[in-house]
There are 2 protein chains.
Amino acid sequence: MDRDLGSVAERCRAQGLRMTGPRRVIAEVLDRSVDHPDVEELHRRVSEIEPRIALSTVYRTVRLLVEAGILERHLFNDGRARYENADHEHHDHLIDMTTGNVIEFRSPEIEELQAKIAESLGYRITGHRLQLFCVPMKDRGRRRTVTKRD
Amino acid sequence: MDRDLGSVAERCRAQGLRMTGPRRVIAEVLDRSVDHPDVEELHRRVSEIEPRIALSTVYRTVRLLVEAGILERHLFNDGRARYENADHEHHDHLIDMTTGNVIEFRSPEIEELQAKIAESLGYRITGHRLQLFCVPMKDRGRRRTVTKRD
DNA sequence: GTATTTGCAAACGCTTTGCCCACGA
DNA sequence: TCGTGGGCAAAGCGTTTGCAAATAC
């Protein structure tokens, strides 16, 4: 599913961003993160590598990376913003309300319907947000899915 | 499209909520609002009727009404929460990024697909959020749509 | 009468910012 | 060297809360 556009650091360079010490560490953490961490969680992970990096630096950097299209910002239902490497195909999110886990999914059919709806209202879609808030089925015959924490 | 379950005040009573002065005014404002005002906007409208009602009272009341299922809370992309009378059929939102206007739409087809996706992942949907962020088409042949402000 | 609700101001959680020093190119 | 980035602490913003006085039932 991932597109491999290179590491976060590489894409930063490609955008002409200065690669400072803190940015390198943050980029590394992002490369290793397959989930949807919030800023505090990122800072926690960054601090394990280099404890002197300030929370505000993480805030400034994620903002920068979102603006550069290197990161995606998501707003689920818990006040804080969560971030995800933009190095992947578009997908939407299913949130397991019992655990907070987030599962990614893709639906070209839904996307087509969205475009049709917008068009019929005289609009062109520039972005969308689709989130399914769910609870596990009391299920017989459990499936195997790749559920990423958070 | 609306279901007419009665006024907000009536539904409050039905839930056994105490009808105080401030709540009556807030309920009245909500009955008259066909858009998606945030708390400050609600407070502004409330203040025109009764200037002594505190902002915190509006916050407390909308929270109460959401919990009672009388109001719906929406989070679009501008930090604050917006509220809408729950006295209507379910719908999703198209946000005009050039004006901030919000258009409501319904798509049973999309909803069915959502349910299928969730089910295939072993989940049951308890809620969802679908928002289309759009810009107007440079259009010949404009349609007539009911576009509610905000 | 008694528990609930209000207004006010202070606190809150997340995020941004001003300042001045440190650092990358 | 020169301009950009970082650390720190303070401010910002939307929202919640503690408290004493006011009010619904």
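Because the structure is predicted, anything quoted here is derived from the model rather than measured.

Caption draft 1: View of the domain arrangement of chain A. All names here are of chain A. The assigned domain composition of chain A is domain 1 (8-85) and domain 2 (92-134). Between the C-alpha centres of domain 1 and domain 2 there is a distance of 24 Å. Counting residues at the interface gives six residues for domain 1 and seven residues for domain 2. Roughly 590 Å² of surface becomes buried between domain 1 and domain 2 when both sides are summed, with 55% attributable to carbon and sulfur atoms. The largest per-residue losses of area from domain 1 upon contact with domain 2 belong to H36, L75 and F76, which jointly make up 66% of the total buried on that side. In the side of domain 1 that touches domain 2, the residues fall into two nonpolar, three polar and one charged.

Caption draft 2: Main features of the pattern of salt bridges. Residues and elements named next belong to chain A. Counted by the stated rule, this structure contains 24 salt bridges over all chains. For the salt bridge of R32 with E28, the shortest nitrogen-to-oxygen distance reads 2.9 Å. With R32 and E28 both in helix 2 (residues 21-32) and four residues apart, this pair spans about one turn of that helix. Overall, E28 belongs to the partly exposed group, its relative accessible area being 32%. Shared partners join several salt bridges into a network, and the residues in it are D35, E41, R44 and R45.

Caption draft 3: Up close: the environment of B:R63. Positionally, B:R63 belongs in helix 4 (residues 55-67). Put simply, B:R63 and B:Y83 are 20 residues apart on the chain and 9.9 Å apart in space, counted from C-alpha to C-alpha.

Caption draft 4: Structural view of the protein's contact with DNA strand D. Taken together, 21 residues lie around DNA strand D, and A:T20, A:R52, A:T57, B:Y59 and B:A81 are the ones closest in. When the atoms of DNA strand D within 4 Å of the protein are grouped by moiety, sugar and phosphate amount to 68% of the total. A:R60 places a polar side-chain atom, nitrogen or oxygen, 3.0 Å from a base nitrogen of DNA strand D. The side chain of B:R60 places a nitrogen or oxygen atom 3.3 Å from a base oxygen of DNA strand D.

Caption draft 5: Inspection of the packing of helix 2 of chain A against helix 4 (residues 55-67) of chain A at higher detail. All names here are of chain A. Relative to each other, helix 2 and helix 4 sit at 65°, their axes nearing to 11 Å. Taken as axis vectors, helix 2 and helix 4 run roughly perpendicular relative to one another. Note that helix 2 runs across helix 4; the crossing there is right-handed. Contact with helix 2, carried on its side by P22, R23, I26 and L30, involves T57, V58, T61, L64 and L65 of helix 4 and no other residues of that element. A per-class count over the contact of helix 2 with helix 4 returns six nonpolar, two polar and one charged.

Caption draft 6: Fine view of the sheet that holds strand 4 (residues 102-105) of chain A. On the basis of which strands lie adjacent, the open sheet formed by six strands has the order 4(A)-3(A)-5(A)-5(B)-3(B)-4(B) and mixed pairing. Each end of this open sheet is capped by a strand with a single partner; those strands are strand 4 of chain A together with strand 4 (102-105) of chain B. Strand after strand, the sheet turns through a mean of 25° between neighbouring axes, direction not considered. Against the sheet, helix 5 (residues 108-120) of chain A touches strand 3 (92-96) and strand 5 (123-136) of chain A together with strand 3 (92-96), strand 4 and strand 5 (123-136) of chain B, its axis set at about 135° to strand 5 of chain A. Sitting on the sheet, helix 5 (residues 108-120) of chain B touches strand 3, strand 4 and strand 5 of chain A together with strand 3 and strand 5 of chain B, and the angle it makes with strand 5 of chain B is about 135°.

Caption draft 7: Molecular detail of the nonpolar core. Counting 24 residues, the largest nonpolar core has A:L94 and B:L94 as the members making the most contacts within it. With near-sequence residues (within four places) excluded, B:L94 lies in contact with A:A118, A:L121, A:Y123, B:N101, B:V102, B:I103, B:F105, B:L132 and B:C134.

Caption draft 8: Geometry of the interface of chain A and chain B. With 37 residues of chain A at the interface, the matching set in chain B holds 37 residues. Taking both sides of the interface into account, the surface hidden between chain A and chain B amounts to around 3400 Å²; carbon and sulfur atoms contribute 67%. Counting across the interface, chain A meets chain B through zero salt bridges. Here chain A is connected to chain B by 16 residue pairs in polar contact (both at pLDDT 80 or more). Taken together, the elements giving at least two residues each to the side of chain A that touches chain B come down to strand 3, strand 4, helix 5 and strand 5 of chain A. The element best represented in the side of chain A that touches chain B is strand 5 of chain A, accounting for 14 residues.

Caption draft 9: Molecular detail of the packing of helix 3 (residues 39-49) of chain B against helix 4 of chain B. Residue and element names in this part refer to chain B. Orientation of helix 3 relative to helix 4, taken along the N-to-C sense of each, is 115°, at an axis distance of 9 Å. Along this stretch, helix 3 crosses helix 4, giving a crossing that reads as right-handed. Contact residues: V39, E40, L42 and H43 in helix 3; L55, V58, Y59 and V62 in helix 4. The class makeup of the residues in the contact of helix 3 with helix 4 is six nonpolar, one polar and one charged.

Criteria and thresholds
- Residues numbered from 1 in each chain as written.
- Chains lettered and ligands numbered in written order.
- Predicted model: local features only at pLDDT ≥ 70, side-chain atom pairs only at ≥ 80, totals over all residues.
- Heavy atoms only, no water.
- Domains from an automatic or database assignment.
- Contact = heavy atoms within 4.5 Å.
- Buried area = accessible area lost by both parts, 1.4 Å probe.
- Nonpolar A, V, L, I, M, F, W, Y, C, P; charged D, E, K, R; others polar.
- Salt bridge = Lys/Arg side-chain N within 4 Å of Asp/Glu carboxyl O.
- Helix = DSSP H or I, 4+ residues; strand = E, 2+ residues; numbered from the N terminus.
- Buried < 20%, exposed > 50% of the residue type's maximum accessible area, 1.4 Å probe, protein only.
- Near = heavy atom within 4 Å.
- Polar contact = N/O pair within 3.5 Å; in protein donor to acceptor, adjacent residues only side chain to side chain.
- Axes fitted to C-alpha atoms, helices over the stretch in contact; angles between N-to-C directions.
- Parallel < 35°, antiparallel > 145°, perpendicular 65-115°, else oblique.
- Left-handed = near helix turned anticlockwise from the far one by under 90°.
- Pairing = 2+ DSSP bridges.
- Core = buried A, V, L, I, M, F, W, Y, C linked by side-chain atoms within 4.5 Å.

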